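Observations on chain architecture
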Amino acid sequence: MPKQLTVLGIESSCDDTAAAIVRHEVGSAPQILSQVVVGQADLHKDFGGVVPEIAARAHVEKLDYCVQDVMSLAGLSFSDLDAIAVTSGPGLIGGVISGVMCAKGIAVAAGLPLIGVNHLAGHALTPRLTDSLDFPYLMLLVSGGHCQFLIVRSENEFTRLGGTIDDAPGEAFDKIARILALPQPGGPNIEKCALSGDPARFRFPRPLLDRPGCDMSFSGLKTAVLRARDSVVSDKGGLTKKDQADLSAGFQQAVTAVLIEKTRRALAVYLSENPSLPAFAVAGGVSANMEIRAALETVSAENGARFIAPPLALCTDNAAMIAWTGLERFRAGHEDDMTLAARPRWPLDTKSGSMLGSGKKGAKA
């Protein structure tokens, strides 16, 4: 295995078509040579969420252009690459298939090794790409389709401490935005609306805080917001801007409170293993929420753990994390062949039982 590896990554698990090239030489920091992300927000905005068939067709149309663009931006040809990495699950199956077939075609035509990557592993290993973080570290993966605490022990070993048993936070944000007649995507629009709101006006429940462990639930919180909205509409005949802001602020505060308490519990379990350099990392689209991010940083500091939050562009779906994870797996001796299959569900922790429920990207774990 050469000391320097250059890997092309392809990501198409939901509604972002992405490609990137990452290079790493042993003993130095990884480099993102180029990356492109083509979003689909305009295609789905009239439907209140991602439409799988529309997403899959858009991936088919854009994947080859994304690959062409990153190769051109990096000034490389396929002969300069060492491997092709691709998200092969979990995700919306049509999109995952599109990416896998594109990667297979390139691998065969260029005679390059193929590495299938778990999308969640991509998020979980991003702190190693951005901060060269050593194993083991605690990771909170909090996104549109997933929410779980993981102890990341190696590029291929993850211990799940807990996760959501129903809606992921990102799903809840999207659904609450629709309930409050706010635009999609829900996360940034609720955060913006909440800035002018009073979080104390509506006291929403903090699900599962009365139970031990690190599991979470957000479905009942969504229902509580719906009932509060209906009550306001019944009394006033509609929602004012102030009502929207107060409901958004109350909801966001409740989500933050759940994540913070569960983080304290997860940190306690992780720190009981006495890691030499304790670290807590967060990734996924919801980690872009500044209130949530600041609260997580505070609780990490209180427990003496280094806090890592990758740049926002690398917290949401991207191909740099897929290229990097593929590079790590390839260096460790892993390689797939043309039987690589697209998987709608793919748990990182194969030893723990499956979580209940299913989100935008399949099973929660």
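Residues numbered from 1 in each chain as written. Predicted model: local features only at pLDDT ≥ 70, side-chain atom pairs only at ≥ 80, totals over all residues. Heavy atoms only, no water.

**Structural notes on the overall build of the protein chain**
If you tally the helices and strands in the protein chain, you get 11 helices and 12 strands. The globule rule puts the C-alpha radius of gyration for 365 residues at 21 Å, and the 20 Å found for the protein chain is close to it. Based on the C-alpha atoms only, the size of the protein chain along its principal axes is roughly 65 × 50 × 35 Å. When the 365 residues of the protein chain are sorted by exposure, 55% land in the buried category. (Helix = DSSP H or I, 4+ residues; strand = E, 2+ residues; numbered from the N terminus. Rg over C-alpha atoms; globule rule 2.2 N^0.38 Å. Buried < 20%, exposed > 50% of the residue type's maximum accessible area, 1.4 Å probe, protein only.)

**Here's the deal with the confidence of the model for the protein chain**
Mean pLDDT over the protein chain works out to 92, with 96% of the residues at or above the 70 mark. The model gives residues 357-365 a pLDDT under 50, and that stretch makes 42 contacts with residues more than four places away or in other chains. (pLDDT = per-residue confidence, 0-100. Contact = heavy atoms within 4.5 Å.)

**A word on the sheet that holds strand β5 (residues 114-118)**
Strands sit in the order β3-β2-β1-β4-β5 across an open sheet of five strands; the sheet is mixed. Edge strands, defined here as strands with exactly one partner in the open sheet, are β3 (31-39) and β5. The sheet shows a mean angle of 20° between the axes of neighbouring strands, taken without regard to direction. In this structure, strand β4 (residues 83-89) lies alongside β5, joined through five bridges in parallel fashion. (Pairing = 2+ DSSP bridges. Axes fitted to C-alpha atoms, helices over the stretch in contact; angles between N-to-C directions.)

**Regarding the side chain of Ser-248**
Relative to the elements of secondary structure, Ser-248 occurs in helix α8 (residues 241-271). We classify Ser-248 as buried; its relative accessible area is 0%. For Ser-248, the contacting residues outside a window of four places in its chain are Leu-180, Leu-182, Ile-190, Cys-193 and Ala-194.

**Some points on the sheet that holds strand β9 (residues 279-283)**
Spatially, five strands are ordered β8-β7-β6-β9-β10 in an open sheet, and the strand pairing comes out mixed. Taken across any chain shown, the strands that pair with only one partner, and hence form the sheet edges, are β8 (157-163) and β10 (306-308). Neighbour-to-neighbour, the strand axes of this sheet turn through a mean angle of 25°, independent of strand direction. Sheet topology places strand β7 (residues 147-154) next to β8; six bridges connect them, and they run antiparallel. Paired with Gln-148 across the two strands is Gly-163, which belongs to β8.

**With respect to the environment of Val-299**
Examined against the element boundaries, Val-299 turns out to sit in helix α9 (residues 290-302). Sequence spacing of Val-299 and Ser-132 is 167 residues, and the spatial spacing of their C-alpha atoms is 22 Å.

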